[in-house]
Structures are given as structure tokens and as C-alpha cells.
Amino acid sequence: MKTILILGAGTAGTAIAHKLRRRLRKDWEVAVIDPSSTHLYQPGLLFLPFGNETEERILRERGSTLGKGVTWHQKTVKAIDTERRRVELEEGDALSYDFLIIASGTEIRPDMIDGMLGEGWRKSVFDFYTLEGAKALQEGLAKFEGGRLVINIVEMPIKCPVAPLEFAFLADDYLSKRGIRDKTELVYVTPLDGAFTKPLASKTLGYLLEDKGIQVETEFMTGEVDSEKNVIRSYDEREVAYDLLVTIPPHMGAPFLEDSDLGDELAFVPTDPHTLAAKNVERVFCIGDATDLPSSKAGSVAHFQADLMTENILGAIDGKELEPSFDGHSNCFVETGHGKAMLIDFNYETEPLPGQFPIPGIGPLPLLKECRRNHWAKLMFRHVYWHALLPARPIPISPTMSLAGKQLSAAAELGGE
Amino acid sequence: MSLEALQTDAEGYLANRDDWSEELAKELAAQMGVELEDEHWKVLKTARAIEAESGSSPGLRKISKRSETPIKSIYKLFPDGPAKLIAKIAGIPKPKSCL
């Protein structure tokens, strides 16, 4: 029996496990290592703080999401020994592999910022990238009666890069409905040079911030959270005061990749951008948020990568050259509040463009434009996730990006990418 | 290549990373009021190396860890927005998000 060992059973690990199980003969074992007994639908964390999602709907038993035919080791990875082709476990034993897929994702690290885990943590300083954080924030928001609500991205890269902006839009909606929007200053603080950083997005979407009265503080790299004075302080000594801080802390790869030969300075795995093979090492692939790639750390990316990686692994088993097929394709809904959302579709080379998706000229979903249909599609997406994306059933979207239906001239006019 | 002949994008970032040279970096830095010394070079070369490896302009924390230069010191070396200044002088794209 030969083994493909997958580290992590999140969106990427679960999808690739299902795909490989379906395509591989029975003399191959498909095994995953993941210590957690539940699978979390992470897009739901955006809605939970506003009371528009429930814990029950976004959690499932891990066993039910992995299904039959996939071995699940409920263990914690300690280290990878690529020379002996084995994975050492915290519990003491080790598992051997013929091919290894690192799908261990990324996690927030509030401990990396001075004072973030101080007195104010989950009292006036919250995250929404964990279930505990999103639940605490729901309570924090319910008690909030106005003041300064500050949303702060500490640094890139982060998971789901548009989520903080969506949070700001949904907060505007939520505060309006509670009748305290006029008593609240909404402030978006980013280390980048704008809330939108691409020319076309800045031009076409800048109105969203203006219309919703969201203040933007740019090029702010948070060095410290001072929860006595309720300010965040940047490395260049600027201060932003808050009454309620929603922080997106630094992200890092899995602890077992820190200070290892496989992880970079942030414990992400240097990965070939097109074949998805881990660099400088044999028989190891990397998928989803765990890579160091410039593609978005997002579920759609993991899904597209799973499609293409499956072909590459089947090829590698037969001794074939790897196909450089992944193009960085990403496809995301962006909630803009008040029952509307946008859809964006892009890859390594092409920035999000206006147009129609998925059928050129018809849609039904407009790209880079707010509408109600996109919002309903995003809400429906939870069902698509549990029933199609996670078990890796076919969905009618190509794993590589298509330019059909997109207005290329929109970018050309601005001299964009 | 002279500064005048250089192709940049609308925001002043080098359009083609291969147009970059150490001489050019000195000129670009001087334009931005920075005189390049060893500590600056260590940071700039690290940023360029990471961008070449990973395909995206790195954040300051990654530059800081690899170049063994504390973030505070990077702010002293490149005042007025080190992330932007480093990218411009090192001839790599602006650090950005997906939108």
C-alpha cells in the first residue's frame, strides 16, 4: 500500500483528499492529519459578529466532511522529515508517505503584536478570523453604543484579503439598522496605500467608502496596541484611538513549519506558482493558504488548485513532468452591505475587471459591480461549499481564469495591469 | 538607463524590474531624499530577492526577519513610508491587495 499524506483537513486538504480518493486505485491510501474534530465554514465568520450567521450552521463534524475511504489521523504534526519521507507527530509516533501535500493553512498570531493580548483582548479588542473571536465580537458589538469603531489590518498577507473591507461595509449596515450609525466613526486602518490598491478598483469602487462615510488611514503599520489608552500605535509613532478595535492580526503558517527547512520567515511554504510543487524538495506539494504564493488566501483558490494538483499528482505517480497549469485564479464575492455584493474574478496577471460571469455577455452575475443577485449568491454559497466544494464535486467554473465576458478596455484606459 | 528614459507606472513604480541597477537605485533614492548606505542595501536587496522568489512585494515583517533589521530601524532608514520607498528604490511593484 502506498500513501498520500495530507497535512490539514481545511478547505484545501478536504477537497484534495476527496479528489484523489476518487481518482486513485485502491492500492493507494489517502490519509489526512488534523487534530480538530470539527470543520469550520470560515466565510461564515464574517456574518457571525452581526448575528446573521449561527455557529450550528458553520460547523460540521470532521468525520462527516472527510467521508469514507479517507484515513483520518486525529493527531498533531510536530515536524516533517523529507529525507526519510515521514511526518513526526506530537503524540510520539510517525507516519510515512510516498507523496506529501501540505494543506495546513494559516492562522492569526495576535501574540506577535505588543499589547494585543493585553487587558483589552476580547473586551474592546477583537478578531473575527476565529470562531471564538467572532463570537466574542458579536457580544462586543451588541453592547456597542457608538464611538470609534476601528478596523485594522496589521500586515499582509492575510486570509481572504477583502474580508476586512466587507466587515467595514457590513458594520455600516448593522450600525444603521441599530440607529447608532450617526454616533459612530467607522475607521479603516491599513498598512497599504489605500483601502483599494489597484487603479481600476480605486476608480470604480472608491465611492463605496465615501457614500458610507468610512474614514481611511493608510500606510499604518501597527507596532503596538495600548489597551489602557485605547489607541493603536504605528512604528512611526502615529496613534489611532478606538472604542472598539476589530483587528486582523499578522498571519503565519503552521507552527511545525516555523524554523523548518520547508517554511519561509512567516512559515509559509515556498511553492512553484504554476505546478504547486514545494520548492527544493521531492514529492512534496503545497495547497491553499499554506503557500507563499501571491494568489489570494481564499477557498476558491484552494478549490481551483485542488483540480489542477490532482492531475499533477496522478502524473507524478506515473513519472511524468509536472504541468505548469495553475494561473493564480481566484473568484470571490465581496459583501458591500444593505443586501448587495460584488463578484470579482482574477488571476496572477489580470486584475479584477468588470463584465459578466460565468456566461460571457449574459451573467447572471455582474463582475466588479454591486447588486442584490451577488449577495444572494454569496448566501447560497454555504450550501455549495458543504455539498460541492468540500467533497470536490464538479462546479461550472473553470479552474483557470477566462477573459471571456470581461471588459479589458476598462483596465487599458487607466493604464492598469 | 537614465532616470528620464525610465518607464514607470502611474504611481512611479518601475515598470520593468530588469531595468533596475544599483546605480539607478542610488539615483532614485537621492530623488526621495535617501542616501544609501550598507544598512539600506541589505534591506533593498532582501526585498528584491523575496519578490523574485515569491512573485509579490514583501511586507516589512518578512524583510525585517530575513535582513535581520528590526522594523523600527527600517523606519529610520526609510522615513516617510518604508514599504513604498523600498519598493520604489528596489524596483519592485507596489505592495498591494487583490482589489
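Residues numbered from 1 in each chain as written. Chains lettered and ligands numbered in written order. Predicted model: local features only at pLDDT ≥ 70, side-chain atom pairs only at ≥ 80, totals over all residues.

Draft legend 1. The overall build of chain A, seen in detail. A count of helical and extended segments in chain A gives nine helices and 24 strands. What you see for chain A is a C-alpha radius of gyration of 21 Å, in line with the 22 Å of a compact globule of 417 residues. Residues classed as buried in chain A amount to 49% of the 417 residues present. The long-range fraction of contacts in chain A, counting pairs at least 24 apart against all pairs at least 6 apart in sequence, stands at 67%. (Helix = DSSP H or I, 4+ residues; strand = E, 2+ residues; numbered from the N terminus. Rg over C-alpha atoms; globule rule 2.2 N^0.38 Å. Buried ≥ 20, exposed ≤ 12 C-beta atoms within 10 Å, placed from the backbone. Contact = placed C-beta atoms within 7 Å.)

Draft legend 2. Local environment of the interface of chain A and chain B. Counting residues at the interface gives 30 residues for chain A, matched by 22 residues for chain B. Residues belonging to the side of chain A that touches chain B are distributed by class as follows: 19 nonpolar, four polar and seven charged. (Nonpolar A, V, L, I, M, F, W, Y, C, P; charged D, E, K, R; others polar.)

Draft legend 3. Representation of the sheet that holds strand β8 (residues 94-96) of chain A in the model. Residues and elements named next belong to chain A. Here we have three strands laid out as an open sheet, ordered β6-β7-β8, and antiparallel in their pairing. With one partner strand each, in any of the chains shown, β6 (77-81) and β8 form the two edges of the open sheet. In this sheet, neighbouring strand axes are inclined to one another by 20° on average, regardless of whether the strands run parallel or antiparallel. Relative to β8, strand β7 (residues 86-89) is paired through three bridges, and the arrangement is antiparallel. Opposite R86, over in β8, you have S96 as the bridge partner. (Pairing = 2+ DSSP bridges. Axes fitted to C-alpha atoms, helices over the stretch in contact; angles between N-to-C directions.)

Draft legend 4. Molecular detail of helix α1 (residues 11-23) of chain A. All names here are of chain A. Spanning 13 residues, α1 covers 19 Å between terminal C-alpha atoms, matching the ideal 18 Å at 1.5 Å per step. The buried fraction of α1 amounts to eleven of the 13 residues, a majority that puts the element mostly inside the structure. Taken together, the buried positions of α1 are occupied by T11, A12, G13, T14, A15, I16, A17, H18, K19, L20 and R21. (Expected span 1.5 Å × (residues − 1).)

Draft legend 5. View of the domain arrangement of chain A. Residues and elements named next belong to chain A. Annotation of chain A at the domain level lists domain 1 (2-106 + 253-317), domain 2 (110-251) and domain 3 (330-414). With 26 residues of domain 1 at the contact, the number on the domain 3 side is 14 residues. Counting residues per element, the ones that place at least two in the side of domain 1 that touches domain 3 are α1 and α7 (299-317). Broken down by element, the residue count for the side of domain 1 that touches domain 3 peaks at eight residues, all from α7. (Domains from an automatic or database assignment.)

Draft legend 6. Structural context of the pairing of strand β14 (residues 214-217) of chain A. Residue and element names in this part refer to chain A. Relative to β14, strand β13 (residues 184-189) runs parallel, the two being bridged by four bridges. Bridging from a neighbouring strand, Y188 pairs with V216 of β14. As a crossover connection, the stretch from β13 through helix α6 (residues 199-211) into β14 is right-handed. (Right-handed = clockwise from strand over helix to strand, strands pointing away.)

Draft legend 7. A look at the environment of D93 of chain A. Residue and element names in this part refer to chain A. Locating D93 in the fold gives a position in the loop between β7 and β8. A tally of 11 C-beta atoms within 10 Å means that D93 is categorised as exposed. For the pair D93 and K75, spaced 18 residues apart in the sequence, the C-alpha separation amounts to 9.9 Å.

Draft legend 8. Representation of the nonpolar core within the structure. One finds I16, I102, F285 and I287 of chain A together with I86 of chain B to be the most contacted residues of the largest nonpolar core, which totals 140 residues. Counting residues per element, this core draws most heavily on helix α5 (residues 163-177) of chain A, at nine residues. (Core = buried A, V, L, I, M, F, W, Y, C linked by C-beta atoms within 7 Å.)

Draft legend 9. Molecular detail of the confidence of the model for chain B. When pLDDT is averaged along chain B, the result is 91; 95% of the residues meet or exceed 70. The complex prediction reports pTM at 0.95, with the ipTM value standing at 0.92. (pLDDT = per-residue confidence, 0-100.)

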